[in-house]
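# Understanding the architecture of this molecule
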Amino acid sequence: MMNIKRMICCAFLAAMCTSSFAQDQEEWKLVWSDEFNINGRPDSTVWNYEIGFQRNHEDQWYQPANAYCKGGCLVIEAKKEKKETLDSGLQKTKVGIFSKIARAIAGKDKVDDEVLDNLEDVLITSDVGVDTTLEIIHRIEDRVAKDKYVNTSELNEILREEIGALLTKSGNDDGHDGFTLPDTGRPYVIMVVGVNGVGKTTTIGKLAYQFKVIGKKVYLGAADTFRAAAIEQLDIWGERIGVPVIKQQMGSDPASVAFDTISAAKAAGADVVIIDTAGRLHNKVNLMNELSKIKNVMHKVVPEAPDEVLLVLDGSTGQNAYEQAKQFIKATEVTALAVTKLDGTAKGGVVIGISNLLKVPVKYIGLGEKMTDLQPFNSKEFVDSLFGGSKL
């Protein structure tokens, strides 16, 4: 049976590589293994394409997208799909910004003080934030002073360059794929924080799925023990994607859950541990004490843990997301951000302001309901999507 599968795959690959479709691709790779799994269901079939595969620690080819193939099947995934998801997810923000800019420069040929004043209003009302907006405006003023004359038709490209420079300065790494882990010989521990309702549990589920897709062994810890629904939701995600969830009863000590999770993951030789935590901000001191206790207990099992503290924010709340981020950063060290629900809002500009002001890199953005709609954040692709392909 395996030989038949291989023959079919090789025949398909040969046919595709001679087609005009395949000639647009830079690289093709075969993926072989014992079972094929997508969305937790075995024996499914997916025919997609991807430019460039990588090898995981078991020396198998993989692609970080929507399927993990373990033997006898060809999986190809499109970078084009990723771009389309990004463009679609940011469409409302893009339309909102461009319609405002078009009104701001109506009847103007060159960028002058009036255009800059109007542009300032546009960026502030697009949830970029006052301080970040003023920094962008100052950058554009410097360019106008240097070049003497800047046409309004150039404004789109100038915004793309200056905002891209801001995001790069804030530590956003366009070279990461979001799912590559250091080879430490122990579980990589991610502690996830954020208020209730921002998509924290969904983000954890999608992260776990993406790690599993590339062949990583994942454990989840339900340390948000203050809500029965939080434990239940994480349990459902665990069952859905086929990863173990370590949990205790509602009201249990969150630090105890974290300890049990990391201990079990370490004993099982897991690659990744993702710990959910309670989403409470009404008492910053209690939150700080609780997160500190969880960290201290983690150290007993893995001294370096947590490797990452990921703050999940709801992009659709605009500047409220920025205020939440400030509060969490005061309560605990945050090393990375995930901004969710960007597909349902015109407030995607908040990503620019949050990253710039807090100097914390955005690592993931949520662009839809599908498992693969949680994407690693790439500042260049983000800015190109917002400001590319349209003329003022």
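Everything discussed here concerns the structure shown above.
In this report, we go over the structure that sits alongside the text. (Residues numbered from 1 in each chain as written. Predicted model: local features only at pLDDT ≥ 70, side-chain atom pairs only at ≥ 80, totals over all residues. Heavy atoms only, no water.)

## Here's the deal with the packing of aromatic side chains
- With the rule as written, the count across this model stands at three aromatic pairs.
- Ring geometry for Phe 179 against Tyr 364: centres 5.6 Å apart, planes inclined by 35°, an arrangement best described as tilted. Within this pair, whereas Phe 179 is found in the loop between α7 (155–169) and β6 (188–193), its partner Tyr 364 is found in strand β12 (residues 362–366), the two being separated by 185 residues in sequence. When sorted by exposure, Phe 179 lands in the same class as Tyr 364, which is buried.
- In this structure an aromatic cluster arises from ring pairing among Phe 179, Phe 211 and Tyr 364. (Phe/Tyr/Trp six-rings, centres within 6.5 Å; stacked < 30°, edge-to-face > 60°. Helix = DSSP H or I, 4+ residues; strand = E, 2+ residues; numbered from the N terminus. Buried < 20%, exposed > 50% of the residue type's maximum accessible area, 1.4 Å probe, protein only.)

## Some points on the nonpolar core
- Counting 104 residues, the largest nonpolar core has Phe 211, Ile 274 and Phe 382 as the members making the most contacts within it.
- Setting aside its immediate chain neighbours within four residues, Phe 382 contacts Leu 86, Leu 90, Leu 167, Gly 348, Val 351, Ile 352, Ile 365 and Phe 377. (Core = buried A, V, L, I, M, F, W, Y, C linked by side-chain atoms within 4.5 Å. Contact = heavy atoms within 4.5 Å.)

## Describing a negative patch on the surface
- Taken together, the side chains of Asp 113, Asp 117, Asp 121, Glu 141 and Asp 142 present a region of like negative charge at the surface.
- Secondary-structure elements contributing two or more residues to the negative patch are α5 (113–125) and α6 (130–147).
- No other element matches α5, which puts three residues into the negative patch. (Patch = residues over 30% accessible without salt bridge, like charges linked within 9 Å, V, L, I, M, F, W, Y side chains within 5 Å. Areas by Shrake-Rupley, 256 points an atom, 1.4 Å probe, with all protein chains shown as cover. Salt bridge = Lys/Arg side-chain N within 4 Å of Asp/Glu carboxyl O. Lys, Arg positive; Asp, Glu negative; His and termini not counted. Charge placed at Lys NZ, Arg CZ, Asp CG, Glu CD.)

## Here we look at a nonpolar patch on the surface
- On the surface, Ile 124, Val 130 and Leu 134 cluster together into a nonpolar patch covering about 200 Å² of accessible area.
- Considering the arrangement of structural elements, one finds Val 130 in helix α6.

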